[in-house]
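Per-entry structural report
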Amino acid sequence: MKIKLLIGAFILFGMSQINAQVIQGTSSSSSNSDIRFGAKAGFNLATLGGSTNIGNYSTKPGFHIGGVLDIPFSDIINIQPEVLISLQGTGGYITNENLNLWYVNVPVVGKYNVWDNLFIEAGPQIGFLLGDNTEDQYLNGLDIVVVDGFDTNTIDFGLAVGAGYELDDNFYFQARFNFGFINAIKDVNSKNRVFQISAVYFL
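Residues numbered from 1 in each chain as written. Predicted model: local features only at pLDDT ≥ 70, side-chain atom pairs only at ≥ 80, totals over all residues. Heavy atoms only, no water.

Brief notes about the confidence of the model for the protein
This is how the line gets drawn: pLDDT expresses how confident the predictor is about each individual residue, on a scale running from 0 to 100. Only heavy atoms matter for contacts: two residues are in contact if any of them lie within 4.5 Å across the pair.
Mean pLDDT for the protein: 81, with 71% of residues reaching 70 or above. The model gives residues 21-32 a pLDDT under 50, and that stretch makes 5 contacts with residues more than four places away or in other chains. This model gives residues 141-148 a pLDDT under 50, and the stretch forms 10 contacts once residues within four places in sequence are excluded.

A short note on the sheet that holds strand β8 (residues 155-166)
To summarise the sheet geometry, strands pair through backbone hydrogen bonds and adopt either a parallel or an antiparallel arrangement. So the rule is basically this: Strands qualify as paired when DSSP identifies two bridges or more between them. Runs of E in the DSSP output that reach at least two residues are strands. Runs of H or I that reach at least four are helices, and both are numbered from the N terminus. An axis is simply a line fitted to the C-alpha atoms; with a helix, the fit covers only the stretch in contact. Between two such axes, the angle follows the N-to-C directions and lies from 0 to 180 degrees.
Taken in spatial order, the 8 strands of this closed barrel run β1-β2-β3-β4-β5-β8-β9-β10, and their pairing is antiparallel. The average undirected angle you get between the axes of adjacent strands in this sheet is 25°.

Quick look at a nonpolar patch on the surface
What counts here: Exposure above 30% relative accessible area and the absence of a salt bridge qualify a residue for a patch, where like charges join within 9 Å and nonpolar side chains (Val, Leu, Ile, Met, Phe, Trp, Tyr) within 5 Å. Method for areas: the Shrake-Rupley scheme with a 1.4 Å probe, in which residue coverage is limited to the protein chains shown. Salt bridge, as used here: a side-chain nitrogen of Lys or Arg that lies within 4 Å of a carboxyl oxygen of Asp or Glu.
A cluster of nonpolar side chains, namely I76, Y112, V114, W115, L118, I120, Y165, L167, F171, F173, Y201 and L203, defines an oily patch on the protein surface of about 1200 Å² accessible area. Where the nonpolar patch is concerned, the elements lending two or more residues are β4 (99-115), β5 (118-132) and β9 (171-183). The element contributing the most residues to the nonpolar patch is β4, with 3 residues. Within the secondary structure, F173 is located in strand β9.

Topic: the environment of F202
By the secondary structure assignment, F202 is in strand β10 (residues 191-202). Expressed as a C-alpha distance, the spacing of F202 and F37, which sit 165 residues apart in the sequence, is 5.7 Å.

Concerning the pattern of salt bridges
Side-chain pairs of opposite charge can arise where the charged atoms are in close proximity. Definition in use: Buried residues are those whose accessible area, probed at 1.4 Å on protein chains only, stays under 20% of the maximum for their type, while exposed residues exceed 50% and partly exposed ones sit between those limits.
One pass over the structure, following the stated rule, counts 6 salt bridges. With a shortest N-O distance of 2.9 Å, K111 and D70 are connected by a salt bridge. Residue K111 is found in strand β4, and its partner D70 is found in strand β2 (residues 60-72); the two are separated by 41 residues along the sequence. Between E82 and R176 there is a salt bridge; the shortest N-O distance is 3.1 Å. Taken together, the residues span a long stretch of sequence, with E82 in strand β3 (residues 77-90) and R176 in strand β9 at a distance of 94 residues. A residue is classified by how much of its surface remains accessible, and R176, at 2% relative accessible area, is buried. Each member of the salt-bridge network shares a partner with another, and the members are R36, D70, K111 and E166.

Here it is, written out as structure tokens:
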């Protein structure tokens, strides 16, 4: 788990270094074409989705933190790749306690300026599982089978959609919903569903 978290931190550090080089290389260009780097943090309300006859999922709170790049594509469209460490999972299902799933998520969203400082956002997201607490869980569906632990998929892929508001040159606020397309738990309908509220501070 510690090694995986270090890998996530290394990715974030790499993004900041790339941005520093880009800014240095474009210092002579106009400010309207600058690529910006920002720090992002926010709140998750996560669950798992999918039809099942074993039990019901419930929501659980979590958080996300990481870095973003804001890349101007045109006068009204920006591309925003991000690298985020995100706590997701579910508050209950066929387990007694919260299922915690730690991901490094890499969304790449397009931001379309629909009016004034208001943007709509959409784009793909890939997630890499850092760790989980499945060793503390057990399956007890229908009281027929009891199994110590269960397998999780190490890769997640989905779609992120939402909206954002740019308060000024430094602060950007987002509300977003992430739909996973891959089961988080192998052989069980369990796709990630995460609502996020975030704040970005551009340096």
